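Here is how the chains run, residue by residue.
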Amino acid sequence: MIISWNTTNQCNMFCDHCYRDAGARAAEELSTAEGKDLLDEIARAGFHIMIFSGGEPFMRDDIFDLVAHARSRGLRPVFGSNGTLIDRAVARELKQVGAAAVGISLDSVDPEKHDRLRKFNGGWEAAVQAVHYLREAEVKVQLNTTVMEWNYGEVEAITDLAIRLGAGAHHIFFLVPTGRAVNIEEESLRAEQYERLLERILRKQQEVDIELKPTCAPQFMRIAKQLNIPVRFERGCLAGTAYCIIGPKGDVQPCAYLNIAVGNVRETPFSRIWQESEVFQRLRTQEYGGECGRCGYRKICGGCRARAYYYHDGDYMAEEPWCLYHGRRGI
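Quick notes on the rules
- Residue indices begin from 1 for each chain and proceed along its sequence in written order.
- Predicted model: local features are reported for residues with pLDDT of at least 70 only, side-chain atom pairs are reported and counted for 80 or more only, and whole-chain, interface and lining totals are derived from all residues.
- Values shown for side chains rest on all heavy atoms present in the structure; no hydrogens or waters enter the calculation.
- Only DSSP runs of H or I reaching four residues or more are called helices, and only runs of E reaching two or more are called strands; each is numbered from the N terminus.
- As a reference, a globule follows 2.2 Å times the number of residues to the power 0.38, and the radius of gyration itself is taken over C-alpha atoms.
- Relative accessibility decides the category of a residue: with a 1.4 Å probe and only protein chains considered, values under 20% of the type maximum give buried, values over 50% give exposed, and everything between is partly exposed.
- Computed with a 1.4 Å probe, the accessible areas rest on the Shrake-Rupley method; for each residue, only the protein chains presented here act as cover.
- Pairs of strands are assigned from DSSP output, requiring at least two bridges between the strands.
- The contact criterion used throughout is that any non-hydrogen atoms of two residues lie within 4.5 Å.
- As a rule, the C-alpha atoms of each element are fitted with a line to give its axis, helices using only the stretch in contact, and angles between N-to-C directions run from 0 to 180 degrees.
- Here the arc refers to the directions that run from the helix axis out to each C-beta atom.
- In protein, a polar contact requires one atom able to donate a hydrogen and another able to accept it; more generally it is a pair of N or O atoms within 3.5 Å, and residues adjacent in sequence count only if both atoms are side-chain atoms.
- Here the expected span of a helix is defined as 1.5 Å times the quantity of residues minus one.

Caption draft 1: Just the overall build of the chain, in detail. Each helix and strand in the chain was counted, giving twelve helices and ten strands. Relative to the globule expectation of 20 Å for 331 residues, the C-alpha radius of gyration of the chain, 19 Å, shows essentially globular dimensions. Projected onto its principal axes, the C-alpha coordinates of the chain cover approximately 55 × 45 × 35 Å. Counting only residues that meet the buried cut, the chain has 58% of its 331 residues in that class. With the model as given, the accessible surface of the chain reaches about 13900 Å², and the carbon-plus-sulfur share is 46%.

Caption draft 2: Up close: the sheet that holds strand E1 (residues 2–6). Pairing within the open sheet is mixed, and its ten strands lie in the order E7-E6-E5-E4-E3-E2-E1-E8-E9-E10. Only two strands of the sheet have a single partner each, and these edge strands are strand E7 (211–215) and strand E10 (263–264). Of the strands in this sheet, strand E5 (140–147), strand E6 (169–174) and E7 touch helix H7 (residues 191–205), which is tilted by about 165° from E7.

Caption draft 3: Up close: helix H10 (residues 278–285). Within H10, burial applies to Val279, Phe280 and Leu283. Considered in projection along H10, the buried side chains sweep an arc of 100° and stay on one side of the axis. Of the surrounding secondary structure, the elements contacted by the buried residues of H10 are strand E8 (243–246), strand E9 (251–253), helix H9 (270–276) and helix H12 (305–311). Residue Ser277 occupies the N-cap position of H10, its side-chain oxygen lying 3.2 Å from the main-chain nitrogen of Val279. Phi turns positive, to about 60°, at Gln286, one or two residues after H10.

Caption draft 4: Structural detail: helix H1 (residues 32–44). Under the 1.5 Å per step criterion, the end-to-end length of H1 is 18 Å for 13 residues, consistent within 8% with the ideal 18 Å. Taken as a whole, H1 has its buried residues at Gly35, Leu38, Leu39, Asp40, Glu41 and Ile42. Those residues of H1 hidden inside the fold are in contact with E1, strand E2 (49–53), helix H2 (63–72), E8 and H9. Looking one or two places after H1, you find Gly46, whose phi comes out positive at around 95°.

What follows is the structure, given as structure tokens:
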């Protein structure tokens, strides 16, 4: 199971698509002691992969101490970062405290386009340099790309760049309108584009050795079945079933893009929230509405619950709005 912790809302960028609306540090973010207690609870709940994200996680002064604590509890610490604060010393420290991998955001092969999205001059070059530092320190790297209409045609080229840089994976995130991304909702892909790009990604996977993973586009599981392309994943949408996220002040959500607080770790132990939340329990029924409920692929896909929530007035069990397969039967 996988879990993310937005360790801080503080960030040195102001990206157009940020689901957390990050920028300034939030008041009353979890302290070091509270963070360590949370990591204990996460391990107790049976999670394995621990994602430290933000905001920008490297803006927390205690981040290395938290990573070392996670490792001591049997968790596999990984990061989601913009890369601009990772120098040679940071990369070496990450290796020393046991960080297993770092995901670096890179949204274009064109530095100017990447920097424009993230409102940060020199961001692309700093991210690429961070990859070099991490590789030098023998820390695994993956590239993370958020795909929209303007970089729809670049995805395979970014994969090729990831290979040249020595990354072990390229994860492609499909825009979900939440946080600041609601302001650029019109740039998100629609059903036909989703389908075509997922096919492209799966076919590209057959050509390359690194892992390609579409995220927030669970239909890739159906398409992989239809194209008879093997993938190592068992399910598309993991929200509330094998994944959740914790905000800077301790609020627990089913996923980063499904903005429903199901509890707070300052009030209730996380392991109890994970087991007893009514929202989590409902998500685990897989009793979806509309075409998702009738689809034979629902158990391996699940539809994007966050997208259902946004486009169906808060009904997170409704059908996925941008699935081209609606109205047909699966396996």
